[in-house]
Amino acid sequence: MITTTTWSVATFEAAVGDAVLAPSIHNTQPWRFRRTADGIDVSVDEDRLLPMCDPDGRAARVSCGAAVYNLRLALAVAGAPARWRVRPGGSVARLVPAGSKPATPTERGLHRQIRRRHTNRSPFSEAGVEPALMVQLVEAAAGEGGWLHVVDDETTVWEIAALTRRADAQLNADPAYVAELRAWASRTDDSVEGIGRSASGAAPHEAELMVRRDFGGPSRRLARDTTVSPVLAVLGYQGEHRTHEFQAGMVLQRVLLRAADLGLATAIYSQPIEVPSIREQLRLVLARAYAPQLVLRFGYAPTTCYTNRRSVRDVIDR
Ligand SMILES: Cc1cc2nc3c(=O)[nH]c(=O)nc-3n(C[C@H](O)[C@H](O)[C@H](O)COP(=O)(O)O)c2cc1C
């Protein structure tokens, strides 16, 4: 007799409903979920890769890793946690049941943030972030096997801002990159993928310290956000192979959920990661052994518009 040891359909679908709320590059949602006889497979959706800004699929793997982290939390909160492994090649994560166990208060707290967390592209206030809060984010990254390098000296902040501006200019000089970005940005607010107009933020302004990616938002004069007080941090993993990129996504999501739990707004900048020579310069600036995976900024800002997701039905393989 063949027995299945996997989660029930109801638990699986509810967990996928949480998984898809993860961040993803341009909100492409490059993930597929499959309930198997002994667990759940989460794989990179090769049809949703971005050939111009993510030619080797690194950002898609990071996005999938973030979705897996949500999935793990949802299963833990359902009392049926998972053991997981990213398969060699880095395009599939396999989760198997690890018995039944009540969720910890930390897991419950992070799970509650899944629906609140969002990328914030509005100007951050000048208020600084308490160092004790940043320590908690560093611990969140370490807890998932990654690192969060908090940039606490102004010279390095300016250096990273300059690298980001150079990368952004270099990317924008390629009409194919711009066309790809336009295709995913400035969608109507009811679009189930890509970035809706209200979530795009204003058009980047030259006075901004950290140049935002131009998602086609309206030109608006920014009153603030030229300051160094919101905290800049760079996230990475202890390795830089494909499986590590997937795992970096789990680190990312744990940090983002912890930040949301602490009441912090988060902005994401991946332009300096997408230009290989600039990514290497960033690694050298930080004196890190492994290539960075994302640049983040934490601070205080009003909640902005949320992006939508495709339905659970659309991302499950039967
Ligand atoms: C690997 C990766 C790279 C990203 N790069 C950027 C970026 O350069 N600029 C930006 O504004 N958002 C960036 N984002 C955030 C996505 O645009 C965002 O997650 C997506 O639109 C869904 O919105 P949400 O995070 O508010 O749920 C990135 C997200 C991921 C996972």
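Reference entry: report on the structure contained in this document. On a predicted model such as this, the values are computed, not experimentally measured, just so you know.

Counted by the stated rule, this structure contains 17 salt bridges. Between Arg 32 and Asp 317 there is a salt bridge, with the nearest N and O atoms lying 2.8 Å from each other. Taken together, the positions of Arg 32 in strand 1 (residues 31-35) and Asp 317 in strand 9 (residues 316-317) put the pair 285 residues apart, joining distant regions of the chain. Given the relative accessible area of 18%, Arg 32 is considered buried. Glu 144 is paired through a salt bridge with Arg 254; the nearest N and O atoms lie 2.9 Å apart.

Now for the packing of aromatic side chains. Geometry of an aromatic ring pair is reported as the spacing of the ring centres plus the angle between the planes. For the structure shown, the criterion picks out zero aromatic pairs. One residue, Arg 187, lies across the ring of Trp 184, its end atom 5.1 Å from the ring centre.

Here the focus is the sheet that holds strand 9. One open sheet accounts for five strands, arranged 3-4-2-1-9; its pairing is mixed. The two strands at the open ends of the sheet, each matched to only one other strand, are strand 3 (82-86) and strand 9. As defined by bridge partners, strand 2 (residues 40-44) adjoins strand 4 (residues 92-97) across four bridges and the pair is classed as antiparallel. Bridge pairing links Ser 43 to Val 92 in strand 4. Sitting on the sheet, helix 1 (residues 9-19) is in contact with strand 1, strand 2 and strand 9, with an inclination near 165° to strand 1. Against the sheet, helix 7 (residues 242-261) contacts strand 2, strand 3 and strand 4, and its axis sits at roughly 140° relative to strand 3.

Definitions and limits used
- Residues numbered from 1 in each chain as written.
- Predicted model: local features only at pLDDT ≥ 70, side-chain atom pairs only at ≥ 80, totals over all residues.
- Heavy atoms only, no water.
- Salt bridge = Lys/Arg side-chain N within 4 Å of Asp/Glu carboxyl O.
- Helix = DSSP H or I, 4+ residues; strand = E, 2+ residues; numbered from the N terminus.
- Buried < 20%, exposed > 50% of the residue type's maximum accessible area, 1.4 Å probe, protein only.
- Phe/Tyr/Trp six-rings, centres within 6.5 Å; stacked < 30°, edge-to-face > 60°.
- Lys NZ or Arg CZ within 6 Å of the ring centre and 35° of its normal.
- Pairing = 2+ DSSP bridges.
- Contact = heavy atoms within 4.5 Å.
- Axes fitted to C-alpha atoms, helices over the stretch in contact; angles between N-to-C directions.

In short, the description is geometric, and any link to function would need to be established separately.
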